[in-house]
Amino acid sequence: MTARIDLTLDCADAPLLARFWKTALGYVDEPPPPPFATRAEWLAQFDLPEDESADDGAWLCSPDGTGPRLSILKVPEPKTAKNRLHIDIRVPGHGGPEERWARVRAEAGRLVAAGGRVLQEFDGHHIVMADPEGNEFCVAAASAD
């Protein structure tokens, strides 16, 4: 049996990054675990310090339940170095190399409009980007199956 994974991003502004990654991945807010009606209600059971709130985290999932869940958690320290692990966004679609590259560039443009930025472009292959807090990720074509 294979293990399922969740990915966690540390951040300074969880709502900001949640909006970006929902746009980037098509993810939605993950409902709180039963029997809780809200994330705030769920978090209340953990006896958090008074200066922490439900806005200090976001929990996202793919609408159809595929793919890893994404947790976005506020931390006090800033990002100081390059990620050792990063997300690759694979743009679907068939066609020749030029068509596929055009879709990759269009997706990068969409993500720039959502608050990301291009760090480096490897012509015809992939684009290295950063989310609004500087977490690196790549945009590339999905494999042609």
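Residues numbered from 1 in each chain as written. Predicted model: local features only at pLDDT ≥ 70, side-chain atom pairs only at ≥ 80, totals over all residues. Heavy atoms only, no water.

Colleague: Whenever I open this one, unusual backbone geometry confuses me. Can you help?
Modeller: Generally, phi is negative for residues other than glycine and the peptide bonds are trans, each holding for most cases. Following Pro34, the chain continues into Pro35 via a peptide bond in cis, with omega recorded as 5 degrees. Tracing the sequence through the fold places Pro35 in the loop between strand 2 (28-29) and helix 2 (39-44). (Helix = DSSP H or I, 4+ residues; strand = E, 2+ residues; numbered from the N terminus.)

Colleague: Got a minute to help me understand the packing of aromatic side chains in this structure?
Modeller: Between two aromatic rings, the relevant description is the distance of the centres plus the angle of the planes. Across all of its chains, the model carries 4 aromatic pairs by this definition. Ring centres 5.9 Å apart and planes at 55 degrees place the aromatic pair Phe20 and Phe137 in the tilted group. Residue Phe20 is found in helix 1 (residues 14-25), and its partner Phe137 is found in strand 8 (residues 136-141); the two are separated by 117 residues along the sequence. Take Phe20 and Phe137: they sit in the same class, and that class is buried. Both rings, one in Trp42 and one in Trp59, keep their centres 5.6 Å apart while their planes meet at 85 degrees; by these two values the pair is edge-to-face. (Phe/Tyr/Trp six-rings, centres within 6.5 Å; stacked < 30°, edge-to-face > 60°. Buried < 20%, exposed > 50% of the residue type's maximum accessible area, 1.4 Å probe, protein only.)

Colleague: Would you take a moment to explain the sheet that holds strand 8 for this structure?
Modeller: The strands making up a sheet associate through backbone hydrogen bonding, with each pair oriented either parallel or antiparallel. Read across the open sheet, the 4 strands follow the order 5-8-7-6; overall the sheet is mixed. The strands lining the two open edges of the sheet, one partner per strand, are strand 5 (87-91) and strand 6 (117-122). With direction set aside, neighbouring strand axes in the sheet form an average angle of 25 degrees. Both strand 5 and strand 8 contribute to a ladder of 5 bridges, which runs parallel. For Val91, the partnering residue across the bridge sits in strand 8 and is Ala141. Contacts between helix 1 and the sheet are confined to strand 5 and strand 8, with strand 5 contributing the most and set at about 35 degrees to the helix. Sitting on the sheet, helix 3 (residues 97-113) is in contact with strand 5, strand 6, strand 7 (126-130) and strand 8, with an inclination near 10 degrees to strand 7. (Pairing = 2+ DSSP bridges. Axes fitted to C-alpha atoms, helices over the stretch in contact; angles between N-to-C directions. Contact = heavy atoms within 4.5 Å.)

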